[in-house]
Amino acid sequence: DTRITAIEINPWVISLRDEFRIPADDERLRVVRADARNYFANPAALADVVLIDLYDRRGAVPFLRDREFLTSVKSHLTEMGSVILNVVGTDTWCQDCTDAMRAVFGDPVVGVQVEADGNLVLLAFKGAPGASALRTSQARSEEVKQRFQLEFPAFLQALE
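Per chain, residue numbering runs from 1 following the sequence as it is written. Side-chain atom pairs in this predicted model are given and counted only at pLDDT of 80 or more, local residue features only at pLDDT of at least 70, and totals for whole chains, interfaces and linings cover all residues. Values reported for side chains reflect all heavy atoms of the structure, with hydrogen atoms and water molecules removed beforehand.

Peer 1: So what's going on with the overall build of the chain? Residues and values would help.
Peer 2: In this description a helix means any DSSP run of H or I spanning at least four residues, a strand means any run of E spanning at least two, and both kinds are numbered starting from the N terminus. Scanning the chain from N- to C-terminus turns up six helices and eight strands. For the chain, the N- to C-terminal ordering of α and β elements is β-α-β-α-β-β-β-α-β-α-β-β-α-α. We call two residues in contact when some of their heavy atoms are within 4.5 Å. Look at the contacts in the chain between residues 6 or more apart in sequence, and 64% of them connect residues 24 or more apart. Every accessible area reported is derived by Shrake-Rupley at a probe size of 1.4 Å, with residue values counting cover from the shown protein chains alone. Per element, the accessible surface of the chain, about 10,800 Å² overall, is 51% carbon and sulfur.

Pasting the structure below:
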């Protein structure tokens, strides 16, 4: 039942989809060539989850910490939708991004440091997650962790 829309501004990156075995667009996957600011500034289908990983050859794009951009992302979320933001940079940059997320989404904003590469991953919710939803998410993450032998940051433990 999952549908994924990937937003990518760089046509060269999109041209590499065969190299990385990314399938052709269909009813479940769509790659859109667009600037994320423009995409989220316009009406589109609501999403349960938005994953933001906006970097170019110079580093993080400045609007990652922009409240107007984050507000437009929030408007594209379903009532109980969530946003995940990958942040890499100085402590000040990470704090600025965290503060912007908190200003737009309120609490909780969960930040988990990824040990392997130094990224900070931020998780925020449009609506307050209920205890039942958190337990379900934690159980599912444990299943995926075991099945694929992955290590997940302790997002849900940070919410408790």
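Peer 1: Quick one: what's the story with the pattern of salt bridges, residue by residue and with numbers?
Peer 2: Salt bridge, as used here: a side-chain nitrogen of Lys or Arg that lies within 4 Å of a carboxyl oxygen of Asp or Glu. Within this structure, the stated rule accounts for four salt bridges. The partner of Arg 37 in a salt bridge is Asp 35, with the nearest N and O atoms 2.8 Å apart. In this scheme, a residue with accessible area under 20% of its type's maximum is buried, one over 50% is exposed, and one in between is partly exposed, where area comes from a 1.4 Å probe on protein chains only. Relative accessible area serves as the criterion here: at 15%, Asp 35 is assigned to the buried category. Among the ionic pairs, Arg 65 bridges to Asp 96, the shortest N-O distance being 3.0 Å. Placement of Arg 65 in the loop between strand S5 (59–60) and helix H3 (67–75) and of Asp 96 in helix H4 (residues 91–105) is noted, with a sequence separation of 31 residues between them. Relative accessible area serves as the criterion here: at 38%, Arg 65 is assigned to the partly exposed category. In this structure Asp 96 comes out as partly exposed when scored by relative accessible area, which is 28%.

Peer 1: Explain the layout of surface pockets to me, using residue names and the numbers behind them.
Peer 2: Site definitions follow a grid-based scheme: protein atoms alone, a 1 Å grid, a 1.4 Å probe that fits but cannot get out for cavities, and for pockets an open set with protein on both sides within 12 Å along at least five of seven lines, plus lining residues having an atom within 4 Å of a point. Grid points are joined across faces, edges and corners, and a volume is the space filled by probe spheres set on the points. Roughly 210 Å³ of internal volume is contained in the second largest pocket. In terms of lining residues, the second largest pocket is bounded by Ile 4, Ala 6, Ile 7, Glu 8, Val 13, Ile 14, Leu 16, Arg 17, Phe 20, Ile 22, Leu 29 and Val 31. Looking at the lining of the second largest pocket, the elements with two or more residues in it are strand S1 (4–8), helix H1 (11–15) and strand S2 (29–33). The element contributing the most residues to the lining of the second largest pocket is S1, with four residues. Gly is placed with the polar residues, together with every amino acid not listed as nonpolar (Ala, Val, Leu, Ile, Met, Phe, Trp, Tyr, Cys and Pro) or charged (Asp, Glu, Lys and Arg). Of the residues in the lining of the second largest pocket, the class split is ten nonpolar, no polar and two charged.

Peer 1: I'd love a proper account of the nonpolar core, names of residues and values included.
Peer 2: In this structure, Ile 52, Phe 69, Val 83 and Met 101 are the most contacted members of the largest nonpolar core, which totals 29 residues. If you list the elements that add at least two residues to this core, you get helix H2 (36–41), strand S3 (47–52), H3, strand S6 (77–87), H4 and strand S8 (120–125). Counting residues per element, this core draws most heavily on H4, which supplies seven residues. With residues up to four places along the chain from it excluded, the contact list for Met 101 reads Leu 70, Val 83, Leu 85, Gly 106, Val 109, Leu 122 and Ala 124. What we call a nonpolar core is a set of buried Ala, Val, Leu, Ile, Met, Phe, Trp, Tyr and Cys residues that are connected through their side-chain atoms within 4.5 Å.

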